[in-house]
Amino acid sequence: MAAALRIAAVVADRNCVVAYAARPSPTSSFVAGFYGRNGKSLSFQSTLPSLICLRRQYSSLIALPKGLSLIPVVRSQTAEVIGKPTVLVAEKLGDAGLQLLKEVANVDCSYNLTHEELCVKISLCDALIVRSGTKVTREVFEASNGRLKVVGRAGVGIDNVDLQAATELGCLVVNAPTANTVAAAEHGIALLAAMARNIPQANASLKEGKWQRNKYTGVSMVDKIIAVMGFGKVGTEVARRAKGLGLNVIAHDPYAPADRARALGVELVSFDEALARADFISLHMPLTPATKKVFNDETFGKIKRGVRIINVARGGVIDEEALVRALDNGIVAQAALDVFTEEPPEKSNKLVQHENVIVTPHLGASTAEAQEGVAVEIAQAVVGALQGELAATAVNAPMVPAEVLTELAPYVNLAERLGRLAVQLVSGGSGVKDVKVTYSSARSSDDLDTRLLRAMIVKGIIEPVSDTFINLVNADYVSKQRGLRISEERQPSDGALDVPLDSIQVKIANVESKFASAISDSGDITLEGKVKDGVAHLSKVGAFSVDISLEGSIILCRQVDQPGMIGKVGSLLGEENVNISFMSVGRISPRKKAVMAIGVDDEPSKSVLRRIGAISAIEEFVYLKL
Ligand SMILES: NC(=O)c1ccc[n+]([C@@H]2O[C@H](COP(=O)([O-])OP(=O)(O)OC[C@H]3O[C@@H](n4cnc5c(N)ncnc54)[C@H](O)[C@@H]3O)[C@@H](O)[C@H]2O)c1
Ligand SMILES: O=C(O)[C@H](O)COP(=O)(O)O
């Protein structure tokens, strides 16, 4: 196989950054990229044989600012075997993983690339492997010009990868979700002990020649209460270890199965109870819109005074300014932080410099063992994906024939929305474990592929509470990992054969509901939906028939059926300029109990929701976001 030399070069100027790459072989192609001040990228391919020609072509393509000189700075040279895929490893990866990659690919290990350099290099690569330190933005996906097939995140959190852009641009993203769990848990415990016994401060003091035995008296852990916030893979391992240290463990995770907690002797509690009871709080939830700054001034107002906080999850779950205030006024006695909103944080960052805070530079996953494990896990996933296999740890990219996708599109939407609504009806602490889906259809099983619908129900149930992006590829894997059992049933209907489905029913079994009327006769939270004129509709809540399009958000109220109710609720919403899109009342018999479903385009304020709840005929209500 012929070998070719690849040279990547970068030129910077006050007004713009120019980058280009070339293979100096007459037959190989050049790829060049231009990055303007506005962040827009432009790239082209050419078979021109020299960098000089490339520069000429480049000059004619864009108006170069006067005085701009193109002085190439060679950043890397990689021997590339033509015919093999090229994998760019942009952050340090364990040797075992590199070896696996080298068996099938050209491997370019280029660390500390600037964003612009990454955007140039990416157009020459089929796969990219990163940790949390590289931002894989839309610009990177666009700059790849369709060559990039897979991004491997050597770790769990994928908040540094623009998944939407990856999916839109047809690039698979895979992660390594299990290999660093123990390392992260061990780091959490290490920080807990180091914080409680002032080890970093005492170590620094002694190295300065001081002997301050009284100053560094610590606190004991035994018999204290630790609250594990997020009882997933890492949280569970932290709980297990904390018990070994004699701590009493409580946990808050609205979606964790109660039996897993029970088996470990861990008490699942509400968020507020965790705050009120804990002496130590250890954070292990993902960074999602729901958990962003979930620790803020209001939260610190409810917390037990003198609490000690450990964060090895993501910096963004804490409002860092609020934590500084809580430390300054003694609400929080100490904090131990491995992660920050901005990484690396400024040297002057108030938390980093705070005397009651100990810090590490995002080291949770950084053990030799975890990094070897992660490297192998991600290398196998990337190699598999390059060879066209379905990756078990894929976090995006649905792979369904286009014609099936077109036909099922409105049902896919319905399925996800039913899942999303159903999980919001579960009351905290119940734990979702069993989901039953019933498809009512006139078609035979062979003519109806429900995998995508099932995946979308799983997506609706899990995504709001996780940083995992669910699709057809990974839905079953993720459900299994979370102990979520999805059973599917077909119900023959006498509807038309050209319509794939008459209805989809989603039942969440063995849970309590925030909205008791959603519990059907079978004792499960039950929602049913249909597609009408291409639009997803909610058709049943518990035993009550309703008819409301699944757009915007929904308020469900149970009331005593009587005249004027629609008007009362409608005018309260109207007063706050909340636009009602749909309204529907389902009742079992006149003047008895009824369920009113109201679709709203805008989010009602807490006060208007309180006022709706205060209407005397309304017995219960819930606000659900789609
Ligand atoms: N510091 C590090 O180096 C390091 C290493 C590994 C993982 N992590 C981070 O730790 C976190 C947990 O990782 P994991 O592998 O255990 O993930 P996981 O998905 O197994 O667990 C996360 C848990 O959080 C729960 N959760 C979701 N929303 C919640 C909320 N609002 N309140 C309480 N719990 C909520 C989920 O139900 C789930 O059980 C992630 O953010 C991950 O990126 C950091
Ligand atoms: O999400 C993760 O896996 C951890 O935060 C580890 O990130 P890292 O690979 O950058 O250490």
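Residues numbered from 1 in each chain as written. Chains lettered and ligands numbered in written order. Predicted model: local features only at pLDDT ≥ 70, side-chain atom pairs only at ≥ 80, totals over all residues. Heavy atoms only, no water.

Draft legend 1. How the structure looks around the layout of surface pockets. The volume enclosed by the second largest pocket comes to roughly 270 Å³. In terms of lining, the second largest pocket is formed by Ala90, Glu91, Lys92, Tyr111, Asn112, Leu113, Thr114, His115, Leu118, Gly133, Thr134 and Lys135. (1 Å grid on protein atoms, 1.4 Å probe; cavity = no way out; pocket = protein on both sides within 12 Å on 5 of 7 lines; lining within 4 Å. Points joined across faces, edges and corners; volume = space filled by probe spheres on them.)

Draft legend 2. Region of interest: the sheet that holds strand 22 (residues 535–541). Spatial ordering of the open sheet is given by 19-18-20-21-22-23, a layout of six strands whose pairing is mixed. The open sheet has two edge strands with one neighbour each: strand 19 (485–492) and strand 23 (544–549). Recorded for the sheet is a direction-independent mean angle of 20° between the axes of neighbouring strands. In the sheet, strand 20 (residues 503–509) pairs with strand 21 (residues 525–532) via five bridges, with the strands oriented antiparallel. In the sheet register, Ile504 faces strand 21, and the bridge partner there is Gly529. Seen against the sheet, helix 16 (residues 451–462) touches strand 18 (434–441), strand 19 and strand 20 and runs at an angle of roughly 140° to strand 18. (Pairing = 2+ DSSP bridges. Helix = DSSP H or I, 4+ residues; strand = E, 2+ residues; numbered from the N terminus. Axes fitted to C-alpha atoms, helices over the stretch in contact; angles between N-to-C directions. Contact = heavy atoms within 4.5 Å.)

Draft legend 3. How the structure looks around the nonpolar core. One finds Leu425, Val435, Ile457, Ile504, Leu538 and Leu556 to be the most contacted residues of the largest nonpolar core, which totals 51 residues. Here the element with the most residues in this core is helix 15 (residues 402–424); it accounts for nine residues. Ignoring any residue separated from it by four or fewer positions in sequence, one finds Leu538 in contact with Leu418, Leu421, Leu527, Glu528, Gly529, Val546, Asp547, Ile548, Leu550 and Ile554. Counting 32 residues, the second-largest nonpolar core is a separate cluster that includes Ala278, Phe300, Val324 and Ile331. (Core = buried A, V, L, I, M, F, W, Y, C linked by side-chain atoms within 4.5 Å. Buried < 20%, exposed > 50% of the residue type's maximum accessible area, 1.4 Å probe, protein only.)

Draft legend 4. Focus on the site of ligand 1. The full set close to ligand 1 counts 28 residues, and Lys233, Val234, Asp253, Val312 and Val465 are the nearest of them. In the model, an oxygen atom of ligand 1 is placed 3.5 Å from a nitrogen or oxygen of the Gly232 main chain. One of the side-chain nitrogen or oxygen atoms of Arg482 is found 3.3 Å away from an oxygen atom of ligand 1. Burial of ligand 1 by the protein amounts to 93% of the accessible area it has alone, namely 860 Å². The class makeup of the residues in the shell around ligand 1 is 13 nonpolar, nine polar and six charged. (Near = heavy atom within 4 Å. Polar contact = N/O pair within 3.5 Å; in protein donor to acceptor, adjacent residues only side chain to side chain. Areas by Shrake-Rupley, 256 points an atom, 1.4 Å probe, with all protein chains shown as cover. Nonpolar A, V, L, I, M, F, W, Y, C, P; charged D, E, K, R; others polar.)

Draft legend 5. Up close: the site of ligand 2. Every residue lining ligand 2 is accounted for by Arg131, Ser132, Arg153, Ala154, Gly155, Val156, Gly157, Asn180, Arg314, His362 and Ala365. Here an oxygen atom of ligand 2 sits 2.4 Å away from a polar atom, N or O, in the side chain of Ser132. Taking Arg153, its side chain carries an N or O atom lying 3.0 Å from an oxygen atom of ligand 2. Residue composition of the shell around ligand 2, grouped by class: three nonpolar, five polar and three charged.

Draft legend 6. Inspection of the sheet that holds strand 11 (residues 225–229) at higher detail. The strand order across the open sheet built from seven strands is 13-12-11-14-15-16-17, with neighbouring strands paired in parallel fashion. Edge strands, defined here as strands with exactly one partner in the open sheet, are strand 13 (267–268) and strand 17 (357–359). For strand 15 (residues 307–311) and strand 16 (residues 332–337), the ladder comprises five bridges, and the chain directions are parallel. Each residue of the ladder has a partner; that of Ile310, found in strand 16, is Ala336.

Draft legend 7. Region of the structure containing the confidence of the model for the protein. Taken residue by residue, the protein gives an average pLDDT of 84. The fraction at 70 or more is 83%. Among the prediction metrics, the complex's ipTM stands at 0.99, with pTM recorded as 0.67. (pLDDT = per-residue confidence, 0-100.)

Draft legend 8. Here's a closer look at the pairing of strand 18. Summarising burial for strand 18: seven of the eight residues are buried, a large majority. In the sheet, strand 18 pairs with strand 19 via eight bridges, with the strands oriented parallel. Looking at the pairing, Tyr439 lines up with Arg490 of strand 19. One ladder, built from seven bridges, connects strand 18 with strand 20; its direction is antiparallel. When the bridges of strand 20 are listed, Val435 appears paired with Ile508.

Draft legend 9. Representation of helix 6 (residues 181–196). End to end, helix 6 covers 23 Å across 16 residues, agreeing with the expected 22 Å (1.5 Å per residue, within 8%). Among the 16 residues that make up helix 6, 12 are buried, leaving the element largely enclosed by the rest of the structure. Turning to helix 6, its buried residues are Thr181, Ala183, Ala184, Ala185, His187, Gly188, Ile189, Leu191, Leu192, Ala194, Met195 and Ala196. (Expected span 1.5 Å × (residues − 1).)

Draft legend 10. Quick peek at the packing of helix 6 against helix 8 (residues 233–244). Between helix 6 and helix 8, the shortest axis-to-axis distance is 8 Å and the interhelical angle comes to 50°. In terms of axis orientation, helix 6 runs oblique to helix 8. Between helix 6 and helix 8 lies a crossing of right-handed hand. When helix 6 is examined against helix 8, the residues Thr181, Val182, Ala184, Ala185, Glu186 and Ile189 are found in contact with a partner set consisting of Lys233, Val234, Glu237, Val238, Arg241 and Ala242. Classifying every residue of the contact of helix 6 with helix 8 gives seven nonpolar, one polar and four charged. (Parallel < 35°, antiparallel > 145°, perpendicular 65-115°, else oblique. Left-handed = near helix turned anticlockwise from the far one by under 90°.)

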